[in-house]
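Descriptive structure summary
Chain by chain, the residues:
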Amino acid sequence: MNQKKKARLSAGQIALIVIGVLFFAVMLVWPLVEVLYRALKDGWALYWSAVTAKTTLSALRVTLLAAVIALLVDTFFALAASWLLTKFEFRGKSVLTTLIDIPFSISPVIAGLAFIMMFGRSGLATPVVNWFNDTFGTDIALVFSIPGVVLATIFVTFPYVLRELLPAMNLQGCAEEEAAALLGAGGFTIFRRVTLPHIKWPLIYGMVLCAARAFGEFGAVYAVSKARGETFTLPLEVDALYMSGGAEAITQAFAVSSLLVLLALVMLILKNIAEWRARKSEEQEGL
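Residues numbered from 1 in each chain as written. Predicted model: local features only at pLDDT ≥ 70, side-chain atom pairs only at ≥ 80, totals over all residues. Heavy atoms only, no water.

**Re the nonpolar core**
Note the threshold: Residues grouped as a nonpolar core are buried Ala, Val, Leu, Ile, Met, Phe, Trp, Tyr and Cys residues, joined through side-chain atoms within 4.5 Å. Think of it in three bands: with a 1.4 Å probe and only protein chains considered, a residue is buried below 20% of the maximum accessible area for its type, exposed above 50%, and partly exposed in between. Counting from the N terminus, the helices are DSSP H or I runs at least four residues long and the strands are E runs at least two residues long.
Residues Phe215, Leu234 and Ala255 are the most contacted members of the largest nonpolar core, which totals 22 residues. Where this core is concerned, the elements lending two or more residues are α1 (2-40), α2 (44-51), α3 (54-87), α10 (187-216), α12 (234-243) and α13 (247-286). Sort the elements by how many residues they give to this core and α13 lands first, with eight residues.

**Some remarks on the environment of glutamine 284**
With respect to the helices and strands, glutamine 284 occurs in helix α13. Its relative accessible area of 57% is what places glutamine 284 among the exposed residues. Along the chain, glutamine 284 and tryptophan 30 lie 254 residues apart, while their C-alpha atoms are 39 Å from each other.

**Digging into the confidence of the model for the protein**
Put simply, the test is: What pLDDT conveys is the predictor's confidence in a given residue, as a value from 0 to 100. Contacts are assigned to residue pairs that have any heavy atoms within 4.5 Å of one another.
In this model, the protein carries a mean pLDDT of 86, and residues with pLDDT of at least 70 account for 95%. When mean pLDDT is compared element by element in the protein, α3 scores highest at 93, while α1 scores lowest at 79. Note that pLDDT drops below 50 for residues 3-7; the model gives that stretch zero contacts with residues more than four away or on any other chain.

**Considerations on a nonpolar patch on the surface**
Where we set the bar: To count toward a patch, a residue needs a relative accessible area above 30% and no salt bridge. Like charges then connect within 9 Å, nonpolar side chains (Val, Leu, Ile, Met, Phe, Trp, Tyr) within 5 Å. Accessible surface area values rest on a Shrake-Rupley calculation with a 1.4 Å probe, where residue burial reflects the displayed protein chains alone. Definition used for salt bridges: Asp or Glu carboxyl oxygen within 4 Å of a side-chain nitrogen of Lys or Arg.
The grouping of Phe23, Phe24, Val26, Met27, Leu28, Val29, Trp30 and Val33 at the surface amounts to a nonpolar patch, some 820 Å² of accessible area in total. Relative to the helices and strands, valine 33 resides in helix α1. Accessibility expressed as a relative area gives 48% for valine 33, which makes it partly exposed.

**A look at helix α7 (residues 126-136)**
Given 3.6 residues per turn, any residue in an α-helix points the same way as the ones three and four places further on. Keep this limit in mind: The arc under discussion is defined with respect to the helix axis, by the directions toward the C-beta atoms.
Turning to α7, its buried residues are Thr126, Val129 and Asn133. The buried residues of α7 all sit within an arc of 65 degrees when viewed along its axis, so they share a single face. Projecting away from the buried face of α7 at angles above 90 degrees are the exposed residues Pro127, Val128, Trp131, Asp134 and Phe136. Among the structural elements, α6 (108-119) are those in contact with the buried residues of α7.

**Looking at the packing of aromatic side chains**
As a reminder of what qualifies: The criterion for an aromatic pair is that two Phe, Tyr or Trp rings (for Trp, the six-membered ring) have centres within 6.5 Å, with stacked assigned to planes under 30 degrees apart, edge-to-face to planes over 60 apart and tilted to the rest. Ring-over charges, as used throughout, are those where CZ of Arg or NZ of Lys falls within 6 Å of the ring centre and within 35 degrees of the ring normal.
In the structure shown here, the tally under the stated rule is 10 aromatic pairs. Where phenylalanine 115 meets phenylalanine 119, the ring centres are 6.2 Å apart and the plane angle is 20 degrees; that geometry is what we call stacked. Pair noted here: phenylalanine 115 and phenylalanine 119 are both in helix α6, with a separation of four residues, about one helical turn. Residue phenylalanine 115 is classed as buried on the basis of its relative accessible area of 15%. Taking relative accessible area as the criterion, phenylalanine 119 reaches 23% and is therefore assigned partly exposed. Seen from their ring centres, phenylalanine 132 and phenylalanine 136 are 4.7 Å apart, and the 40 degrees between their planes marks the pair as tilted. Within this pair, phenylalanine 132 and its partner phenylalanine 136 are both found in helix α7, separated by four residues, close to a single helical turn. Given a relative accessible area of 52%, phenylalanine 136 falls into the exposed group. Every member of this aromatic cluster is reached through a ring pair, and the members are Phe115, Phe119 and Phe155. Over the ring of tryptophan 83 we find lysine 87; its NZ or CZ atom is 5.9 Å from the centre of that ring.

**As for the pattern of salt bridges**
Across all of its chains, the model carries five salt bridges by this definition. Between arginine 213 and glutamate 217 there is a salt bridge, with its nearest N and O atoms 2.5 Å apart. For arginine 213, a relative accessible area of 23% puts it in the partly exposed group. Given the relative accessible area of 2%, glutamate 217 is considered buried.

**Section: the side chain of serine 82**
Relative to the helices and strands, serine 82 resides in helix α3. Residue serine 82 is classed as buried on the basis of its relative accessible area of 0%. Setting aside its immediate chain neighbours within four residues, serine 82 contacts Leu162, Leu165, Leu166 and Met169.

Here's what the structure looks like:
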């Protein structure tokens, strides 16, 4: 009786594994392989000309610039907000926690349109921007420009680092920081020597997720972008090539898409390394 039950369970497990592998292959592996095949099917010469084209290199620079700035800004505010939310009690704490999740619940396109309404030619903040430009002799534009792309990227990626830090800092508690403060340690020393070692790997994991999200953002950036070769990111460049309709342009679109695939693979490797190191750290602390 037990053997039959065990056999039926093993068959069910095998069926689930097969279904999972098939789903993974059809939904993830097959499309990525198809992208790489389409990118290389017309030869290395066309592939190389596509990935080294002026507009592609410009899109790559804008993508990396927006991702790096968004990562720095998001990490700084995530550390500050997670410290505030986990170490202190204050009125409006639950409201602030809810507001942090707004980028998860709002369509990126709506976020981009909101930036246009706020900082566009007739936006609410336009008089302030014009006053700043007139006063300091600058020519800052916050939409249809690189700053607009950066702002849109920051908005859609903001919660990723923070949402990885909050559970780790809640789990850590405040006892060690309070003990360090009683021994005379300063605030920065407490953060560097006590808090940071406990949240190091969740922080890195959240940064990897943030960067991966920034590389692939389309909707919000599309709303505030301007033109190819100036403010387009890699996803927008892929869309522009594919929508042009020519056979060669479509192949070039897949070639540019392969750059995003390679960036995704790098992020996946870093993500797995961060997860592995986090597990090792937890096991060592458990011992």
